[in-house]
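# Observations on the three-dimensional arrangement
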Amino acid sequence: MIRPLLLLFSILTTILIYSCASNVEQKCQQLSWRHLGNMHGEEGRGAGAFEKFKEKCETVEVEADSGEYFIGRQKGLKKFCTYDSGLRYGNSGRKYFGVCPKETEQDFLKGYLFGRKEQKLRKKQRQLEVRERRLKAKEIELYRRLHTNKYKKACTFNHECTIKDDCFKGTCRISGRNCSFDSDCHLPGDCKFGKCKF
């Protein structure tokens, strides 16, 4: 029983490897190396991007056309190596691989470094906002605990159990609800069995 299963497994594995290889071969044969180079240049990819494609195609005995690739790459780099492109690239937080020629690199780097600063400032702002929200939530929780403990008292009527909350910067300190006046924040309690319940 085991042998037929092993045989079936090896046949399926062989079919899978062959179909993958034929798929790679087809892609490599149809590939426009100039178009690929242009695309890599526009994306600011390092020279290693060509080597990866070259190695893949060599596994299926398709030779890479480095001449066509680098003609396309130079064209793509002309679009990439500008101030505006540098600004966008820096804003995205991606790493620059030093691909621009000397004559255009200075312009690109001005935009890139400015974009990186903007990106870092946005990141810090997001971190501060998250921290502020957490601190506010902790403050509300602490305030709520202090006041609910304070109002766990003996009572006769429901109105004796109302917690008078403050409206602070548009938010009730205890409930966290939006408010305009302190009266918007008052929390009614119930008097049950002689004790306030909330």
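The notes below deal with the structure included here.

Now for the overall build of the protein chain. Of the regular secondary structure elements, the protein chain holds 6 helices and 4 strands. By residue count, 26% of the 198 residues in the protein chain fall in the buried class. If you take every contact in the protein chain between residues at least 6 apart in sequence, the share linking residues at least 24 apart comes to 56%. Of the roughly 14800 Å² of accessible surface on the protein chain, a fraction of 56% belongs to carbon and sulfur atoms.

All right, on to the packing of helix α2 (residues 33–43) against helix α3 (residues 48–59) then. Running from N to C, α2 and α3 cross one another at 150°; their axes reach a closest spacing of 10 Å. Classified by the angle between their axes, α2 and α3 sit roughly antiparallel to one another. Where α2 crosses over α3, the two elements pack in a sense that is right-handed. For the pair α2 and α3, the contacting residues are Trp33, Leu36 and His40 in the first and Ala49, Phe50, Phe53, Lys54 and Cys57 in the second. By residue class, the composition of the contact of α2 with α3 is 6 nonpolar, 1 polar and 1 charged.

Mapped onto the secondary structure, Asp184 falls in the loop between β2 (171–172) and β3 (190–192). For the pair Asp184 and Cys172, spaced 12 residues apart in sequence, the C-alpha to C-alpha distance is 8.0 Å. Each residue touching Asp184, except ones within four places of it in the same chain, is listed here: Cys172, Arg177 and Cys179. At 2.9 Å, the side chain of Asp184 forms a polar contact with the backbone nitrogen of Ser180.

So, on to the state of the cysteines. One pass over the full model with this rule turns up 5 disulfides. Residue Cys155 pairs covalently with Cys191 via a disulfide, S to S 2.1 Å. With the S-S dihedral at roughly 105°, the linkage between Cys155 and Cys191 falls on the right-handed side. Highlighted residues: Cys155 in the loop between α6 (102–150) and β1 (167–168) and Cys191 in strand β3, separated in sequence by 36 residues. Owing to a relative accessible area of 11%, Cys155 belongs among the buried residues under this scheme. Between the sulfur atoms of Cys172 and its disulfide partner Cys185 the distance amounts to 2.1 Å. Between Cys172 and Cys185 the disulfide shows an S-S torsion of about -80°. By sign, it is left-handed. Within this pair, whereas Cys172 is found in strand β2, its partner Cys185 is found in the loop between β2 and β3, the two being separated by 13 residues in sequence.

Before going further, it helps to spend a moment on helix α4 (residues 66–80). The terminal C-alpha atoms of α4 lie 20 Å apart, and with 15 residues this matches the ideal 21 Å at 1.5 Å per residue to within 8%. Taken as a whole, α4 has its buried residues at Tyr69, Gly72, Arg73, Gly76, Leu77 and Phe80. Along the axis of α4, the buried residues cluster in a sector spanning 145°; they form a single face. Turned more than 90 degrees away from the buried face of α4, the exposed residues are Lys75 and Lys78.

About the criteria used
Residues numbered from 1 in each chain as written. Predicted model: local features only at pLDDT ≥ 70, side-chain atom pairs only at ≥ 80, totals over all residues. Heavy atoms only, no water. Helix = DSSP H or I, 4+ residues; strand = E, 2+ residues; numbered from the N terminus. Buried < 20%, exposed > 50% of the residue type's maximum accessible area, 1.4 Å probe, protein only. Contact = heavy atoms within 4.5 Å. Areas by Shrake-Rupley, 256 points an atom, 1.4 Å probe, with all protein chains shown as cover. Axes fitted to C-alpha atoms, helices over the stretch in contact; angles between N-to-C directions. Parallel < 35°, antiparallel > 145°, perpendicular 65-115°, else oblique. Left-handed = near helix turned anticlockwise from the far one by under 90°. Nonpolar A, V, L, I, M, F, W, Y, C, P; charged D, E, K, R; others polar. Polar contact = N/O pair within 3.5 Å; in protein donor to acceptor, adjacent residues only side chain to side chain. Disulfide = S-S within 2.5 Å. Expected span 1.5 Å × (residues − 1). Arc of directions from axis to C-beta.

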